[in-house]
Every structure is written in structure tokens, then in C-alpha cells.
Amino acid sequence: MPDPPRQMTVPEFTACKQAGRKITMLTAYDYGMARLVDSAGIEGILVGDSVAMVVQGHSNTLPVTVDEMIYHGKLVCRAVRRALVVVDMPFLSYQLGAIRAIENAGRVLKETGCQAVKLEQGPGQAEITAALVSAGIPVMAHCGLRPQSIQQMGTYRVQRDRDRLMADAKAAEQAGAFSILLECIPADLAAEITAAVAVPTIGIGAGAGCDGQILVTHDLLGLTEGRLPRHVKPYADLGRQIVAAVTQYRDDVRAGTFPGPEQSFS
Ligand code: KIV
């Protein structure tokens, strides 16, 4: 009998870069989707704070809490057999100092069973990453467009400050991050950063020169409301298929053709 699949570890994830193996990651927020996404054999699953927008219906990621991230992290970890699971640290769960960050990230790691946390790291924030790493908590650093700063930025837009972005990525590596997510930065800059750091870069809206890619699964599947950002490629149109299926069900019930004899007991 073949061995059951073994879950990817943080060192194995990082080693993908040296091995020249492209890394694929997607988001998941619940058991059912995590099970399907994991069964496709991708390397990593992110329980993103995008849950605030995608699942909770907020207009940005700021409202989601540590307790809610833990709840979603538990649902995902219950399903995943192969992929590395990373859980996002929400707004204000790590910015208030190293102790608070370790307390919150430690809870996320202990209570969900995930392998790592992700936090948005801008200028001057590398000490928090270093403190978590020295406490034994693996960190994926999120550089480039940092959605938790939306109120400061005003709009979600491509980040072009090359020196600052290169410095943020190098500071994250220096602080011990095992991987760096690069969101919405020019493709040539992402490729330069990828060549300059030893840990894998995971891009979203950062071109093909990164070591891996991530997308929000709902965007990839065509489940997102409204216009998709330019960096998304929809691979399915499930939103339309769901509405069509539900409409057919409604019509069948109204017409008396569901349930039929095959769905009825004698
Ligand atoms: O929360 C999220 O979904 C993210 C994306 C960049 C993937 O961080």
C-alpha cells in the first residue's frame, strides 16, 4: 500500500528554491475548499486575512480578529494533508510590540496546528519578524502592497519605490523569514529581489520571475463579486455555474419535477 501523503515542512518549502521547484500557493478559509485545493497537490495554503473581504463581506482586511483567524485556521488545518499551511496575522495583532506579537502568533500556531504565520512587513518592522523567529515561530513576510495599510494608501495600487522594497525584502530575510510574499510590484523588481534573497519569493501581481505564485482561490475560480484585479487569471466560472444550478433547482421544485422517483423512498 502506498504511504499516505506527508505534509510539507517549512525547511522543505524553503528548499524548493535551491531545487528550482516552482512553488504554488492558494488561499482557503474552510474545510471543504481546503480539502479540494490540497488534493490538487499545491505546496502551500494560506488562510489569508482576505477572509475579511471574501467570506465576511467587509470592504478591506482590517476588521478580522485573531480569534476569527484561529477559527478559519482550524477548519483549514483539519482538511490539509500535504500542503504547508500559513495563517495570516491580522491588523494590530503584531504591530504593538514583540511580546504581543509572540503571544498572538503563538496562539495561532498552537490552536490551529498550522506550520507558519504571515505578517505584513514594512520599513522598521523587521524586529517583529526576528522576535517571532527567535521564539520558534516560522514567518512568511509580506512586502510590496500591504493591504493592512489601505487607509494610509487610499487605494490598492502597484508599489514602485524600488529602494524601499528591496530594503524591506532584505530586512525580512535578515530577520529570519523563511519566505517573502511580494504583492503588486513591477515584474522586473520582483525578479531582482528574487535573485537577491536566498529564501523563496511568492508573487501575486509580481510577474513570473518569483520563485512561486499565490492567488486568492475565489478569484481563480470565478467566485468573486465585481471586477477582478489585472493580476488575476480566472481558471473557472463557478459563480455563474452556481447561479445556473440553483435556478434549475428552483424551477424543478416549482414544476414538480424534483424530487422525482429516483430521489424518493417507497
Ligand atoms: O490575505 C490574502 O489573501 C493575501 C494575498 C496576498 C494572497 O495575503
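Above: the structure in question.
Rules behind the numbers
Residues numbered from 1 in each chain as written. Predicted model: local features only at pLDDT ≥ 70, side-chain atom pairs only at ≥ 80, totals over all residues. Heavy atoms only, no water. Salt bridge = Lys/Arg side-chain N within 4 Å of Asp/Glu carboxyl O. Helix = DSSP H or I, 4+ residues; strand = E, 2+ residues; numbered from the N terminus. Buried < 20%, exposed > 50% of the residue type's maximum accessible area, 1.4 Å probe, protein only.

Peer 1: I tried to follow the pattern of salt bridges on my own but got confused; where do I start?
Peer 2: In this structure the tally under the stated criterion is 12 salt bridges. In this structure, D188 and R162 form a salt bridge, with 3.3 Å as the shortest nitrogen-oxygen distance. Within this pair, whereas D188 is found in helix α9 (residues 187–196), its partner R162 is found in helix α8 (residues 162–175), the two being separated by 26 residues in sequence. For D188, a relative accessible area of 46% corresponds to the partly exposed category. Overall, R162 belongs to the partly exposed group, its relative accessible area being 32%. Across the pair D168 and R164 runs a salt bridge, and its minimum N-O distance is 2.8 Å. Here D168 pairs with R164, and both are found in helix α8, just four residues apart, close to one helical turn.

Peer 1: Help me understand unusual backbone geometry, please; the structure alone is not making it clear to me.
Peer 2: Residues apart from glycine generally show negative phi values, whereas peptide bonds are mostly found in trans. Omega for the peptide link from F258 to P259 comes to -5 degrees, which places this bond in the cis form. Here P259 is to be found in the segment after α11 (238–255). Of note, L92 is a non-glycine position whose phi angle comes to about 70 degrees, a positive value. The topology assignment puts L92 in the loop between β3 (84–88) and α5 (98–112). Residue L92 is classed as partly exposed on the basis of its relative accessible area, which comes to 43%. Phi is positive for C184, which is not a glycine, with a value near 50 degrees. Examined against the element boundaries, C184 turns out to sit in the loop between β6 (179–183) and α9.

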